Structure formats: C-alpha cells, structure tokens
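# Examination of the molecular architecture
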There are 2 protein chains.
Amino acid sequence: MAASAGPEIERLISLLAKLPGLGPRSARRAALTLLKKREQLLNPLAVAIAEARDRVRTCSVCGSLDTSDPCAICSDNTRDQSLICVVEEVGSIWAMERASAFRGRYHVLGGLLSALDGIGPERLRVEDLLRRAGNGEVREVILALPATVDGQTTAHYLAERLGPSGVSVTMLARGVPVGGDLDWLDDGTIAQALRARRPA
Amino acid sequence: MAASAGPEIERLISLLAKLPGLGPRSARRAALTLLKKREQLLNPLAVAIAEARDRVRTCSVCGSLDTSDPCAICSDNTRDQSLICVVEEVGSIWAMERASAFRGRYHVLGGLLSALDGIGPERLRVEDLLRRAGNGEVREVILALPATVDGQTTAHYLAERLGPSGVSVTMLARGVPVGGDLDWLDDGTIAQALRARRPA
C-alpha cells in the first residue's frame, strides 16, 4: 500500500502490522485508534511497552518471561518442586496458569523438533531440562506439548531422553474438550477420545 | 481472564486488547511476539509509539493528523485549493490518498450525525467547514461519507447548510465496487447500481 499518512504514522502502522492478528488494514485502524485516544490508550501503551522493553527478561531456570530472574513461579516455594511441566512457549505457561490446575514448575523448550524446518534438539532447551530432571528432587515431568505431528515427535524424543533419569514422564490426556460438540470435532479427536474411553 | 503473566506483562496485554482487531487472546499472542522479537519489533515499536505520542498533532485547518500544523496536505500548494473533500475520520483521508485519485484538500468532520448516539452538529467540525467553504476560493465540496443511514443523514444536512454559500456540493458515486461479483453484493448496492446505470 502506498504511504499516505506521513512517515512517522506509516512507520507506526508498519510495525503494528507485524503483530500476529493484525494485517495492514487493521494496523491502520489500530494506529488511528491510538492517535485518537491519546490519554486512555497511546500514553499508557507507550509506558507499558517501554517498561516491557526495560524490565522483562527471560528466567534462567525455566525460560519464562518475567521482571525478576528467577521468575515469580520458579521462586515461589509453595509450588511443588518435584513436578516439571514442559511447554513449547511462554504462552502455554500463561494458558496453564489461567486454568489454575497445576501447582508445579515449568520448563520452556523454546520450540518443537521439526525435520521440515531443520530444528534439532540442540536448538531447544533440552539439556537444561535433562539437568533439572536429574537433580534428585524432580519426581515427574509432564509433557504439555501440542497435539500436532511436531509436538508428538518432540514428546517421544523427550520421553526417550528422560528415560535414564528414572523420573516418571507423562502427557496431557487427549479427548473431547469441555463444551465440545461431536459435530464440530475432527475425526482424530473423536477416535482418540473413543480409544481412551472410561467408565461413566 | 485471570492474571497469569506478571503485572507488567498483563498490563501490556490489556492495553493491546483495546486496539480494534485484537481481542484478549490475540493481545496475549501479540505481547508474546513483542517480547520474543525484541530487536526487530519491541524496541522499534517503543520508539515509534513514543514518537507518535510526542510529535503527531491535529491539523488546525482540516483536522487530519500529522507531525506538522498545518498538515503536509494543507500546506502543499500544488494541491487544488478550490476542492474540499469532507470525510468522517482521518482513516478515510489515508484511504483516499492511497487511491491517488484526489488532488484537492480535506476536511475531517470527526464523526457523523446520529440521533441514536445523541451526536448533533455542534459535536462535529461543521462550522469550520462552512467557514472554509465560504472563503471565496472553494468551488466544490465533495461529501465522501459512508453509505450508511448516519452517513447519508449527515450528507443531506451538510448539503443543506452549504447551500447558501453557492459552492457546488457533490457525493461519491454508488455502484458495484471494482472486482465486485454480483453474487456477493448486497441488494442495496445492486439496486443503486441499476438505478445509476449508464451507457456501456
């Protein structure tokens, strides 16, 4: 699209357009909203982004993002240190924490094994995980990886590598999601839910 | 959604979620992308937003947004001063400029008349428009307002108010958009295109 809003505004638009979920058109709309709502939106966002840039860092233990290192979860002694939940990315930690169903600690892999994209184990935080799992305190490693080909390849690889450490390695259950209507579910999920059926 | 990513990151997420086109989930994804792509995205966006906050202002002539006042368009003497194109919002100026079909100047109304939302003429930049249209230089005012009920109400109101000034008042044509397939067009557009048909 041709530049039309002056170089400063165009640069803001082109950066906003790089955010996932915003295309060129919605980035324009977002920039306009920002410039129209200075007090409620533009000024606070300028502060929040500068603060994120200056204060948020990667936790040296689990790989999560927080303003402290170790992060709030790794330094929370009320959480179960014998449980490690392995996730692909920090976003999965946020999702798990929203569900409030897990009180152990996390380990961010930083991606998934992918033959297609040429991502091998050395690109992921695998050695760190093996070291943490072998420290004598950890009892169980839960692999909370996506139910995709790459996710499952990675899970099998990690299960094999973790074998010698003697910790128990588990995976999230597969089945019908809460609120899931059979009409809208894919065949794979239905087949897995049927195989893993249990007494009512 | 419960807080789960620390107060600084949660604040960034909640501000991003106020942008049009981003909901709570996509704002989370956007925040994560920002924090992961510091060099390419977070740092330049921090600069661009701070610059927009500090430098972009409203043009006192046309109501557009630019780093200079009068804006680049109002101070461009190669543009036709006898033509004023009236738009609802600054975003419409950007769209018109992308089309490169108009070489006059603009006037941003700042909204549309709306009985439902209680927006009367005193809330819009109507008096400024009448003053500009009556300065003796202006020959034509083009009403480029949305083809909605409020847009058309506003257009009729402005046409009536501009009547005494003697300038000619026109509206954008209605019809089938470029690339528009009849199968996908609404009935109103088809009816208007048919009424306004012309020799092939």
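Note that the structure is predicted; figures quoted are calculated from it, not measured.

## Brief notes about the environment of G23 of chain A
Summarising the element assignment, G23 of chain A is placed in the loop between α1 (7–16) and α2 (24–36). Spatially, the C-alpha atoms of G23 of chain A and R11 of chain A are 14 Å apart, while their sequence positions differ by 12 residues.

## A closer look at the interface of chain A and chain B
Opposite the 50 residues of chain A that make contact, chain B presents 50 residues. Summed over both sides, the interface between chain A and chain B buries roughly 5000 Å², with carbon and sulfur atoms accounting for 71% of that surface. Looking only at chain A, the three residues that lose the most surface to chain B are I49, W94 and R98 of chain A, adding up to 15% of its buried area. In this assembly, chain A and chain B are joined by six salt bridges. Across the pair K36 of chain B and E89 of chain A runs a salt bridge, and its minimum N-O distance is 3.3 Å. Linking chain A to chain B there are 10 residue pairs in polar contact (both at pLDDT 80 or more). Elements that contribute at least two residues to the side of chain A that touches chain B include exactly α1, α2, α3 (38–55) and α4 (90–99) of chain A.

## Regarding the state of the cysteines
Residues and elements named next belong to chain A. Scanning the entire structure with this criterion turns up zero disulfides over all chains. C62 takes part in no disulfide bond, and the closest cysteine sulfur to it belongs to C74, at a distance of 3.6 Å. Free cysteine: C71, not disulfide-bonded; nearest cysteine sulfur from C62 at 3.7 Å.

## Considerations on the packing of α1 of chain A against α2 of chain A
Residues and elements named next belong to chain A. As a packed pair, α1 and α2 sit with axes 8 Å apart at the nearest point and diverge in direction by 125 degrees. Taken together, the axes of α1 and α2 lie oblique to each other. Remark: the crossing between α1 and α2 carries right-handed chirality. Along the contact surface, α1 presents I9, E10, L12, I13 and L16, while α2 presents P24, A27, R28, A30, A31, L34 and L35. For the contact of α1 with α2, the per-class residue count stands at 10 nonpolar, no polar and two charged.

## With respect to the pairing of strand β4 (residues 105–108) of chain A
Residues and elements named next belong to chain A. Because side chains alternate across β4, one face comprises the buried residues R105 and H107, and the other comprises Y106 and V108, equally buried. Looking at chain direction, strand β3 (residues 83–87) and β4 are connected through four bridges and run parallel. Bridge assignment links C85 to a residue of β4, and that residue is Y106. A crossover links β3 with its parallel partner β4, the connecting element being α4, and its sense is right-handed.

## Side note on the nonpolar core
Judged by nonpolar contacts, the single largest core of 80 residues is most densely connected at L16 of chain A together with L16 of chain B. Once residues lying within four places of it in the same chain are set aside, the contact partners of L16 of chain A are L22, A27, A30, A31 and L34 of chain A together with L45 of chain B.

## Remarks on the UniProt feature "domain: Toprim" (unreviewed entry) in chain A
Residues annotated by UniProt as "domain: Toprim" (unreviewed entry) correspond here to residues 82–177 of chain A. Helix makes up 33% of residues 82–177 of chain A and strand 18%, whereas the separation of the span's terminal C-alpha atoms amounts to 28 Å.

## Focus on the sheet that holds β4 of chain A
Residues and elements named next belong to chain A. In spatial order, the strands read β4-β3-β5-β6; together these four strands make up an open sheet with parallel pairing. Two strands in the sheet have a free side with no partner beyond their single neighbour: β4 and β6 (168–171). Strand-to-strand twist across the sheet, computed as the mean angle between neighbouring axes with direction ignored, equals 25 degrees. Pairing analysis gives four bridges linking strand β5 (residues 140–143) to β6, with the strands arranged parallel. Each residue of the ladder has a partner; that of V141, found in β6, is V169. Across the sheet, helix α5 (residues 126–133) lies against β3, β4 and β5, angled at about 155 degrees from β4, the strand it touches most.

## Side note on the confidence of the model for chain A
On average, chain A scores 88 in pLDDT, and the residues at 70 or more come to 96%. Taking the mean pLDDT of every element in chain A, the minimum, 76, falls on helix α7 (residues 187–195) of chain A and the maximum, 95, on β4 of chain A.

## Focus: the domain arrangement of chain A
Taken domain by domain, chain A holds domain 1 (20–55) and domain 2 (65–171). One C-alpha centre belongs to domain 1 of chain A, the other to domain 2 of chain A; they are set 33 Å apart.

## What to know about the relation of the copies chain A and chain B
Note on the copies: chain A fits chain B at an RMSD of 0.1 Å, the axial shift is 0.1 Å, and the rotation between them is 180 degrees. Between the two chains, the operation in question is that of a two-fold axis. For chain A, the smallest separation between a C-alpha atom and the rotation axis is recorded for A46 of chain A, amounting to 3.2 Å. Interface overlap between copies is the fraction of interface residues in one copy that are interface residues in the other; for chain A against chain B it reaches 100%, indicating a shared surface.

## A word on unusual backbone geometry
The peptide bond linking D69 of chain A to P70 of chain A adopts the cis configuration, its omega dihedral lying at 0 degrees. Mapped onto the elements of the fold, P70 of chain A is located in the loop between β2 (65–66) and β3.

What counts and what doesn't
Numbering of residues starts from 1 in each chain and follows the order in which that chain's sequence is written. Here chains are named by letter from A upward and ligands by number from 1 upward, in the order in which they appear as written. In keeping with the model being predicted, local features are shown solely for residues with a pLDDT of at least 70 and side-chain atom pairs are shown and tallied solely at 80 or more, while totals for entire chains, interfaces and linings include all residues. For side-chain calculations, the full set of non-hydrogen atoms in the structure is used, while hydrogens and water are omitted. Secondary structure elements are defined from DSSP: runs of H or I of at least 4 residues count as helices, runs of E of at least 2 residues count as strands, and each element is numbered from the N terminus. Only heavy atoms matter for contacts: two residues are in contact if any of them lie within 4.5 Å across the pair. A simple way to read buried area is as the amount of 1.4 Å-probe accessible surface that goes missing from two parts once joined, with both sides added. Just to be clear on terms, a salt bridge is a Lys or Arg side-chain nitrogen sitting within 4 Å of an Asp or Glu carboxyl oxygen. By the criterion applied in these results, polar contacts are pairs of N or O atoms within 3.5 Å in which, for protein atoms, one can donate a hydrogen and the other can accept it, and in which residues neighboring in sequence qualify only through two side-chain atoms. The rule for a disulfide is simple: a pair of cysteine sulfur atoms within 2.5 Å. Note on geometry: axes are C-alpha line fits, over the in-contact stretch for helices, and angles between N-to-C directions span 0 to 180 degrees. Our angle categories are set so that under 35 degrees counts as roughly parallel, over 145 as roughly antiparallel, 65 to 115 as roughly perpendicular, and the remainder as oblique. Each crossing gets its handedness from the near helix: less than a right angle anticlockwise from the far helix is left-handed, clockwise is right-handed. Each residue is assigned to one of three groups, with Ala, Val, Leu, Ile, Met, Phe, Trp, Tyr, Cys and Pro labelled nonpolar, Asp, Glu, Lys and Arg labelled charged, and all others, Gly among them, labelled polar. Accessible area is worked out with a 1.4 Å probe on protein chains only. A residue is then buried under 20% of its type maximum, exposed over 50%, and partly exposed in between. One requirement defines pairing of two strands: DSSP has to find at least two bridges between them. The handedness of a crossover follows from its direction of travel: if, with the strands pointing away from the viewer, the path from the first strand over the helix to the second runs clockwise, the crossover is right-handed. By nonpolar core we mean a set of buried residues, namely Ala, Val, Leu, Ile, Met, Phe, Trp, Tyr and Cys, connected to one another through side-chain atoms within 4.5 Å. UniProt positions are given in the numbering used here, feature names are shortened, and annotations may be inferred rather than shown by experiment. Here pLDDT means the predictor's own confidence in every residue, given as a number from 0 to 100. Segmentation of the chain into domains, including their bounds, is taken from an automatic or database domain assignment. The copies were overlaid by least squares, fitting only the C-alpha atoms of residues that reach a pLDDT of 70 or more in each copy.

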